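Fold and geometry: a report
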Amino acid sequence: LKKRIGIAGLRTFAASPALSICFVGTGDKGVLLIVDLDAGREIGRFDANGLQREAELGRSGVKRGKDSASISGFDTFEVSVDGMYLFCRSWGGLHRFRIEDATIVYEEAGPRLLDGDARIEMDPNGKYVASASGYRPPEHPPIQGFHVYAVRDLQRPILSIDIGDWSRAMAFDRERGR
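In this report, the structure presented in the accompanying data block is examined. Just so we're clear, the structure is a prediction, and the values are computed from it rather than from any experiment. (Residues numbered from 1 in each chain as written. Predicted model: local features only at pLDDT ≥ 70, side-chain atom pairs only at ≥ 80, totals over all residues. Heavy atoms only, no water.)

**Observations regarding the overall build of the chain**
For clarity, the threshold we go by: Strands are runs of DSSP state E lasting at least two residues, helices are runs of H or I lasting at least four, and both sets are numbered from the N terminus onward. Exposure classes here rest on a 1.4 Å probe applied to the protein chains alone. A residue is buried below 20% of its type maximum, exposed above 50%, and partly exposed in between. It only takes one pair of heavy atoms within 4.5 Å for two residues to be counted as in contact.
Within the chain, the secondary structure is distributed over one helix and 13 strands. Starting at the N terminus and ending at the C terminus, the chain contains elements arranged as β-β-β-β-α-β-β-β-β-β-β-β-β-β. Looking at the chain as a whole, 46% of its 178 residues are labelled buried. Of the contacts made within the chain by residues no fewer than 6 positions apart, 44% connect residues no fewer than 24 positions apart.

Structure representation (structure tokens):
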């Protein structure tokens, strides 16, 4: 333990060894905090409803498919190992943000996959992201299980794993890097 940082209402957090900031979720799922780990204080705050309004108005440049999920909160989230991206789940879909200094830029909204708080898994090399699926988006294989995506394309999975039912978590093999 190097430092204690008090954040009121801390529910979950995500960080990367490549960053000096971390992302914090509180009891308010619609808000994401950015915390400077060196200074030990909050330096940014993002409201999901504001991000959704910008996307709907076409001002944000967000890549969206015809079945893209809306963003109403940061239900679960994860940072890529290289510190380049933040992924979150909201309205059952995956959303990608590019991390720039102490801010995030909303880049892509994937299709609705599953309601609930299924985990987001990143591969150890930062090339792939995965999440559980219980729905069948039109351009996806008809499965209940997991979809794996290239980090830069949340519209079509590169791999789908059908387990016959939805599940909340999966993992990549960190020892073998796959």
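Now that the structure is up, let's keep going.
**Side note on unusual backbone geometry**
Positive phi, normally seen in glycine, also occurs at D101, with a value near 50°. Among the structural elements, D101 can be located in the loop between β8 (93-100) and β9 (103-112). By relative accessible area, D101 is classed as exposed at 76%.

**Thoughts on the layout of surface pockets**
Empty space among the atoms becomes apparent when a probe as large as a water molecule is rolled across them. The test is simple: Note on definitions: the grid is 1 Å and covers protein atoms alone; a cavity is a set of points where a 1.4 Å probe fits but cannot get out; a pocket is an open set with protein on both sides within 12 Å along at least five of seven lines; lining residues have an atom within 4 Å of a point. Grid points are joined across faces, edges and corners, and a volume is the space filled by probe spheres set on the points. Here the term charged refers only to Asp, Glu, Lys and Arg, the term nonpolar to Ala, Val, Leu, Ile, Met, Phe, Trp, Tyr, Cys and Pro, and the term polar to all other amino acids, Gly among them.
Approximately 230 Å³ is the volume found for the largest pocket. Looking at the largest pocket, the residues that line it are I5, I7, L10, F13, A15, C22, V24, V35 and L37. If you list the elements that add at least two residues to the lining of the largest pocket, you get β1 (12-15) and β2 (21-25). Each residue belonging to the lining of the largest pocket can be placed in one class, and the counts come to nine nonpolar, no polar and no charged.

**What to know about the packing of aromatic side chains**
Selection rule: Within 6.5 Å between ring centres, the rings of Phe, Tyr and Trp (the latter by its six-membered ring) count as paired, and their orientation is classed by plane angle as stacked under 30 degrees, edge-to-face over 60, tilted in between.
The full count for this structure, using the stated rule, is three aromatic pairs. Aromatic pair F97 and Y106: ring centres 4.8 Å apart, planes at 20°, arrangement stacked. Across the pair, exposure class does not vary: F97 and Y106 are buried alike. By the ring-pair criterion, three or more aromatic residues cluster together here, those being F74, F97 and Y106.

**With respect to a nonpolar patch on the surface**
What counts is decided by this rule: The patch calculation keeps residues exceeding 30% relative accessible area without a salt bridge and links them within 9 Å when they carry like charges or within 5 Å when they are nonpolar (Val, Leu, Ile, Met, Phe, Trp, Tyr). Every accessible area reported is derived by Shrake-Rupley at a probe size of 1.4 Å, with residue values counting cover from the shown protein chains alone. Salt bridge, as applied in this entry: a Lys or Arg side-chain nitrogen positioned within 4 Å of an Asp or Glu carboxyl oxygen.
Together, Y128, I158, L159, I161 and I163 make up an exposed nonpolar region whose accessible area comes to about 430 Å². Topologically, I161 is positioned in strand β13 (residues 159-162). Here I161 falls in the partly exposed class, since its relative accessible area comes to 32%.

**Section: the environment of V31**
Here V31 is to be found in strand β3 (residues 31-36). Sequence spacing of V31 and G73 is 42 residues, and the spatial spacing of their C-alpha atoms is 6.6 Å.

**Points about the nonpolar core**
Quick note on the threshold: Joining through side-chain atoms within 4.5 Å is the link that ties buried Ala, Val, Leu, Ile, Met, Phe, Trp, Tyr and Cys residues into a set, and such a set is a nonpolar core.
If you look at the biggest cluster of nonpolar residues, it comprises 21 residues, and the most contacted ones within it are F23, F74, L86 and F97. Those elements that provide at least two residues to this core are β2, β3, α1 (48-56), β6 (76-79), β7 (85-90), β8 and β9. Discounting chain neighbours no more than four positions away, the residues touching F23 are T12, F13, A14, L32, L33, I34, F77, V79, L86, I99 and I104. Of all hydrophobic cores here, the second largest spans ten residues; its members include M122, V129, Y149 and V151.

**Notes on the side chain of H95**
Turning to its location among the elements, H95 is positioned in strand β8. Setting aside residues up to four positions removed in sequence, H95 forms contacts with A69, S70, I71, L86, F87, C88, R89, S90, Y106, E108, A109 and L154.

**Let's talk about the sheet that holds β9**
Rule in force here: Strands are treated as partners if at least two bridges between them are detected by DSSP.
Spatially, five strands are ordered β5-β9-β8-β7-β6 in an open sheet, and the strand pairing comes out mixed. On the outer flanks of this sheet lie β5 (63-64) and β6, each paired with one strand and no other. Relative to β7, β6 runs antiparallel, the two sharing four bridges. Across the sheet, the residue bridging to E78 is F87, located in β7.

**Considerations on the sheet that holds β1**
Adjacent strands of a sheet pair through backbone hydrogen bonds, lying either parallel or antiparallel. Counted only if it meets this: Working convention: axes come from line fits to C-alpha atoms, limited for helices to the stretch in contact. Angles between N-to-C directions cover 0 to 180 degrees.
With antiparallel pairing, four strands are arranged side by side in an open sheet as β1-β2-β3-β4. Every other strand in the sheet has two partners, leaving β1 and β4 (41-47) as the edge strands with one partner each. Pairwise comparison of adjacent strand axes, ignoring direction, gives a mean angle of 25° for this sheet. Sheet topology places β3 next to β4; six bridges connect them, and they run antiparallel. Bridging across to β4, V31 finds its partner in D47.

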